[in-house]
Amino acid sequence: MILVLIDHDRGELDQLSLQALTAARKLGQEVEAIVVGKDGASLATIVGQYGAKILHVAAHADLTDYTPMASGRALKDLVEKLKPAAVLAAGSPRGNEQLAHLAAFLDLPMAAECFEISLSSSADSPHKVSRSRWAGNLIEDAHVYSQLLIATIVAFSTEPESAAGPAASIVEFAPSLTPSDTQVRVMSRDAGDTGGGVTLADAKVIIAGGRGVGGSAGFAKIEELANLLGGAVGCSRVVTSSGWRPHKEQVGQTGTKVAPDLYLAAGISGAMQHIAGMKNSKTIIVVNTDPEAPIFKYADYAIIGDLHQILPALTAAIREATREAKA
Amino acid sequence: MDVLVCLKRVPLAGGTLILTPDSKDIETKHLGFGISPHEENAVEAGVQLVEQMGGTLTLLTLGPPDAEEQLRTQLAIGATRAILLETDGQEWDPQGTAAALVDAINAEETKFDLIIFGAESADSAGYQIHVRVAHALNRPIITNVKAMKIENGTLSCDRVVSAGREHYEAPLPAIITVRDGLNIPRYPSVPGRMQARKKPIDMKKMQAHVPKLEKLYLTVAPSKSTGAEILGKGVEAVPALVEILKKIGTI
Ligand SMILES: Cc1cc2nc3c(=O)[nH]c(=O)nc-3n(C[C@H](O)[C@H](O)[C@H](O)COP(=O)(O)OP(=O)(O)OC[C@H]3O[C@@H](n4cnc5c(N)ncnc54)[C@H](O)[C@@H]3O)c2cc1C
Ligand SMILES: Nc1ncnc2c1ncn2[C@@H]1O[C@H](COP(=O)(O)O)[C@@H](O)[C@H]1O
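K.L.:
Got a minute to help me understand the site of ligand 1 in this structure?
P.N.:
Neighbouring ligand 1 are 29 residues, the closest being Arg211(A), Ser236(A), Ser269(A), Gln273(A) and Asn288(A). Mapping the residues near ligand 1 onto chains gives chains A and B. Contacts to ligand 1 include Ser269(A), whose side-chain N or O atom sits 2.6 Å from an oxygen atom. If ligand 1 stood free it would expose 990 Å²; the protein chains cover 82% of that surface.

K.L.:
What is the right way to look at the packing of helix H3 (residues 94-107) of chain B against helix H4 (residues 129-137) of chain B in this model?
P.N.:
Two measures define how a pair of helices packs: the angle their axes make with one another and the distance between the axes. Residues and elements named next belong to chain B. One can describe the packing of H3 onto H4 by two numbers: an axis separation of 9 Å at closest approach and a directional angle of 45°. One way to sum up the angle between H3 and H4 is to call them oblique. The handedness of the crossing between H3 and H4 comes out as right-handed. Judged by residue contacts, Pro94, Gln95, Thr97, Ala98, Leu101, Val102, Ile105 and Asn106 of H3 engage Ile129, Arg132, Val133, Ala136 and Leu137 from H4. For the contact of H3 with H4, the residue count by class is nine nonpolar, three polar and one charged.

K.L.:
Looking at this structure, how should I read the interface of chain B and chain A?
P.N.:
Interfaces are frequently sized by the accessible area removed from exposure as the parts join. Counting residues at the interface gives 79 residues for chain B, matched by 77 residues for chain A. Taken together, both faces of the contact between chain B and chain A bury some 6,700 Å²; the carbon and sulfur share is 60%. At the surface where chain B touches chain A, the tally comes to six salt bridges. In this structure, the salt-bridge partner of Glu166(B) is Arg189(A), at a minimum N-O distance of 3.8 Å. At the junction of chain B with chain A, the criterion picks out 36 residue pairs in polar contact (both at pLDDT 80 or more). Elements supplying a minimum of two residues to the side of chain B that touches chain A: helix H1 (37-53), H4, strand S7 (141-151), strand S9 (164-171), strand S12 (213-220), strand S13 (229-233) and helix H6 (238-247) of chain B.

K.L.:
Is there a simple way to think about the pairing of S7(B) in this case?
P.N.:
Look at any regular strand and the pattern is simple: side chains alternate between the two faces of the sheet. All names here are of chain B. Two strands pair when backbone bridges link them, and S7 and strand S10 (residues 174-178) are joined in this way by three bridges, in the parallel orientation. From the neighbouring strand, Ile141 faces S10, where its bridge partner is Ile175. As paired strands, S7 and strand S8 (residues 154-161) are joined by six bridges and run antiparallel to one another. Bridge assignment links Lys149 to a residue of S8, and that residue is Ser156. Connecting S7 to the antiparallel partner S8 that follows it, the hairpin turn spans two residues, and Asn152 within it adopts a positive phi of roughly 50°.

K.L.:
What exactly am I supposed to notice about the sheet that holds S13(B) here?
P.N.:
Strand pairing in a sheet is mediated by backbone hydrogen bonds. Such pairs are either parallel or antiparallel. With parallel pairing, six strands are arranged side by side in an open sheet as S14(A)-S13(A)-S15(A)-S16(A)-S17(A)-S13(B). For this open sheet the edge positions go to strand S14 (232-235) of chain A together with S13 of chain B, each flanked by a neighbour on one side alone. With direction set aside, neighbouring strand axes in the sheet form an average angle of 20°. Inspection of the sheet shows strand S13 (residues 205-209) of chain A paired to S14(A) by four bridges, in the parallel sense. When the sheet's bridge partners are listed, Gly209(A) is paired in S14(A) with Cys235(A). On top of the sheet, helix H8 (residues 307-326) of chain A reaches strand S15 (262-266), strand S16 (283-288) and strand S17 (301-304) of chain A; it is set at about 145° to S15(A), its chief contact. Seen against the sheet, H6(B) touches S15, S16 and S17 of chain A together with S13 of chain B and runs at an angle of roughly 160° to S17(A).

K.L.:
Can you help me understand the environment of Pro84(A) in this one?
P.N.:
Residue and element names in this part refer to chain A. Here Pro84 shows up in the loop between helix H3 (68-82) and strand S6 (86-91). Residue class for Pro84 comes out buried when judged on its relative accessible area of 7%. Note: C-alpha distance between Pro84 and Glu30 (54 residues apart in sequence) is 9.6 Å. Once residues lying within four places of it in the same chain are set aside, the contact partners of Pro84 are Met1, Leu3, Val79 and Leu148.

K.L.:
Could you clarify how one ought to interpret the pattern of salt bridges in this entry?
P.N.:
Side chains that carry opposite charge are capable of pairing whenever their charged atoms lie near each other. The final tally for this structure, using the stated rule, is 33 salt bridges over all chains. As a salt-bridge pair, Glu91(B) and Lys8(B) come within 2.9 Å of each other at their nearest N and O atoms. Separated by 83 residues along the polypeptide, Glu91(B) in the loop between strand S5 (81-86) and H3 and Lys8(B) in the loop between strand S1 (2-6) and strand S2 (10-11) bring together distant segments of the chain. Note that Asp25(B) and Lys215(B) form a salt bridge whose closest N and O atoms lie 3.1 Å from each other. Of this pair, Asp25(B) sits in the loop between S2 and strand S3 (33-34) while Lys215(B) sits in strand S12, placing them 190 residues apart in sequence. For Lys215(B), a relative accessible area of 17% puts it in the buried group. Here the salt bridges share partners, and the residues they tie into one network are Arg131(A), Arg133(A), Glu140(A), Lys8(B), Asp25(B), Glu91(B), Asp123(B) and Lys215(B).

K.L.:
How should the packing of aromatic side chains be read in this particular structure?
P.N.:
What describes a pair of aromatic rings is the distance from one ring centre to the other and the angle between the planes of the rings. For the coordinates displayed, the defined rule picks out zero aromatic pairs over all chains. Positioned above the aromatic ring of Tyr66(A) is the side chain of Arg94(A), whose terminal nitrogen or guanidinium carbon lies 3.9 Å from the ring centre.

K.L.:
What should I look at first to understand the nonpolar core in this one?
P.N.:
Soluble globular proteins tend to bury their nonpolar side chains together. Residue and element names in this part refer to chain B. Within the largest apolar cluster, 46 residues are counted, with the highest numbers of intra-cluster contacts made by Leu60, Ile115 and Val133. With six residues, the single largest contributor to this core is H3. Residues contacting Val133, with those up to four places away along its chain left out, are Ala98, Leu101, Val102, Ile105, Phe117 and Ile175. Counting residues in each nonpolar core, the second largest holds 39 residues, with Ala42, Val47, Tyr168 and Ala170 among its members.

K.L.:
Can you walk me through the site of ligand 2 in this structure?
P.N.:
All names here are of chain B. Neighbouring ligand 2 are 20 residues, the closest being Cys6, Glu39, Leu62, Ser121 and Tyr127. Ile129 places a polar main-chain atom, nitrogen or oxygen, 3.1 Å from an oxygen atom of ligand 2. Ranked by residue count, the leading element in the shell around ligand 2 is strand S4 (residues 56-63), at three residues. Of the residues assigned to the shell around ligand 2, the class counts are nine nonpolar, eight polar and three charged.

K.L.:
For this particular structure, what's the right way to read the pairing of S15(A)?
P.N.:
Residues and elements named next belong to chain A. When you tally the buried positions in S15, you get five out of five residues, the bulk of the element. Burial of S15 is two-sided: the residues Leu262, Leu264 and Ala266 facing one way and the residues Tyr263 and Ala265 facing the other way are all buried. As a crossover connection, the stretch from S15 through helix H7 (residues 272-278) into S16 is right-handed.

K.L.:
What is the right way to look at H3(B) in this model?
P.N.:
Along an α-helix, a turn takes 3.6 residues, which lines up residues three or four apart on a common side. Residue and element names in this part refer to chain B. Taking 1.5 Å of rise per residue, the 14 residues of H3 would be expected to cover 20 Å, and the 20 Å separating its terminal C-alpha atoms lies within 8% of that figure. The element H3 is extensively covered by neighbouring structure, given that ten of its 14 residues are classed as buried. In the core, the buried residues of H3 are packed alongside S1, S4, S5, strand S6 (114-118), H4 and S12.

K.L.:
Help me understand unusual backbone geometry in this model?
P.N.:
The phi angle of most residues is negative, glycine excepted, and most peptide bonds adopt the trans form. A cis amide bond links Leu172(B) with the next residue in sequence, Pro173(B), at an omega value of -5°. Looking at the secondary structure, you find Pro173(B) in the loop between S9 and S10. Despite not being glycine, Ala164(A) has its phi angle at roughly 50°, a positive value. Counting through the fold element by element, Ala164(A) comes out in the loop between strand S10 (149-154) and strand S11 (169-173). Take Ala164(A): its relative accessible area is 67%, and that puts it in the exposed class.

About the thresholds
Residues numbered from 1 in each chain as written. Chains lettered and ligands numbered in written order. Predicted model: local features only at pLDDT ≥ 70, side-chain atom pairs only at ≥ 80, totals over all residues. Heavy atoms only, no water. Near = heavy atom within 4 Å. Polar contact = N/O pair within 3.5 Å; in protein donor to acceptor, adjacent residues only side chain to side chain. Areas by Shrake-Rupley, 256 points an atom, 1.4 Å probe, with all protein chains shown as cover. Axes fitted to C-alpha atoms, helices over the stretch in contact; angles between N-to-C directions. Helix = DSSP H or I, 4+ residues; strand = E, 2+ residues; numbered from the N terminus. Parallel < 35°, antiparallel > 145°, perpendicular 65-115°, else oblique. Left-handed = near helix turned anticlockwise from the far one by under 90°. Contact = heavy atoms within 4.5 Å. Nonpolar A, V, L, I, M, F, W, Y, C, P; charged D, E, K, R; others polar. Buried area = accessible area lost by both parts, 1.4 Å probe. Salt bridge = Lys/Arg side-chain N within 4 Å of Asp/Glu carboxyl O. Pairing = 2+ DSSP bridges. Buried < 20%, exposed > 50% of the residue type's maximum accessible area, 1.4 Å probe, protein only. Phe/Tyr/Trp six-rings, centres within 6.5 Å; stacked < 30°, edge-to-face > 60°. Lys NZ or Arg CZ within 6 Å of the ring centre and 35° of its normal. Core = buried A, V, L, I, M, F, W, Y, C linked by side-chain atoms within 4.5 Å. Right-handed = clockwise from strand over helix to strand, strands pointing away. Expected span 1.5 Å × (residues − 1).

Here's what the structure looks like:
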């Protein structure tokens, strides 16, 4: 049996968990699921639809919100009882964190961010996994020496596929929590500063600047174009670590991952850590003085030249074109 | 306030990755080395805490003897001292690394009030060494921290999620893992570099370790890219770009 941790936020499903369920089904064994906290019981229908027969619900008065170490404890209790062949979860910050707690409790290896899994066929041979390194730019093939495989599934490596299954039957259990398990948990939250404008993650158009912009003043040209197109400003890490723009505008591996309809990258070289955050954009346009810059490989269209001349000219030309269209 | 930061020497790869002939590692002949951005934020956070509250900042790494270079750079921005657990250059798996870090921490006279990790390592990104260390030391751990403060022995931290910010608290001694954006790491100054040369680094040779997560080989992920259509050079190409924007429906 494969046990899949379904992550949720106070009852709201984390969609990536459906990818983990889909990946689990491909291993050719029965699939069961677990949610931590009573709120998760509402997910029995969708979890069943994606192929889990049983939804185990870890219920406890202290489990009202995300409590990562307690999740690890609940998983441990269930693993010891049911002896699954593998425990899987989504390769998300929460999925990785909760399974790391399980792995630490059991002192067993964990393979994070896997593309592929093949379970061992006998007790003394290892499991085989292919996992992501360097933000998905390298694939590591590895052996995992442990009877129980603990692994997370890299986001967007599998499309969630419905199994058209009936609602999973709910089996509630009380995890054996200790006080230290529930010490760290979400105490409160706030909506963050939306600032009225379009947020990076939701923007349909992103105009992004890199080191080539030359300084915070140069970003006026980027802002103007972004405003004109109803889009958001993005930037590279060089820009945030130089203090030219706030970190919330950083696109990439350690910034925000985006997939807008249009991503225009000006003065950005295209380091793989930047590419990791924007390669799923529908149309990518590049403005760069150096035709050898790696970003050209990932772009759809490009202009070779100085952004300080091209962007103002582009802004003016778009204004002109929209005026003509209105007239 | 005694703070410990754990960091890892990694190649500074940005462009195309090239592998060694045995496909076990990245070819580093033409690459520099550094630490992950998250860990730069970890060191900066440690330096700031010691500036505000006094105390010491210790750095800890498991890696090849050359990792001294990364320790010296981080000592130059304000750490007090460093510990280097020397390997033969082979990467250790997360369990082995965590166990070695735990042994080193337990061997210290200083009982660190706060231990800071990066959220994940730049190269192997196992997302776990910190959690393992927290369990072994029986300490609370708050991960993916983007804002933090310490008041009356209580640590309060924010984690950024898609819907905003989550707030967490824990008593000291504790462990946190931090993310890029927590602060703006400073660059080492020339006097800082001079002082760093004389700061103590304790070296300890490690015995080879048998991994339970065993790296077999690496492959470079195929990129689906075909390359851009060049619209032209300079402002003369702008009208062509405007036509593209019309075609894709942006304007
Ligand atoms: C673990 C890790 C995580 C990272 N995470 C991120 C991340 O999330 N996001 C990120 O962006 N980076 C990240 N980085 C950093 C990344 O490796 C690069 O250092 C960074 O993306 C480079 O930024 P850049 O393209 O702006 O600067 P550069 O690489 O310096 O490129 C500047 C470009 O501007 C061009 N240019 C210069 N002048 C002009 C002009 N007048 N007009 C037009 N073009 C011009 C140049 O030709 C060049 O191509 C990470 C690195 C590591 C190791
Ligand atoms: N070899 C190492 N020596 C010291 N600290 C490390 C080492 N490897 C990883 N770490 C720390 O553990 C964090 C998480 O690493 P990982 O579990 O590999 O993603 C890193 O950001 C570092 O802070």
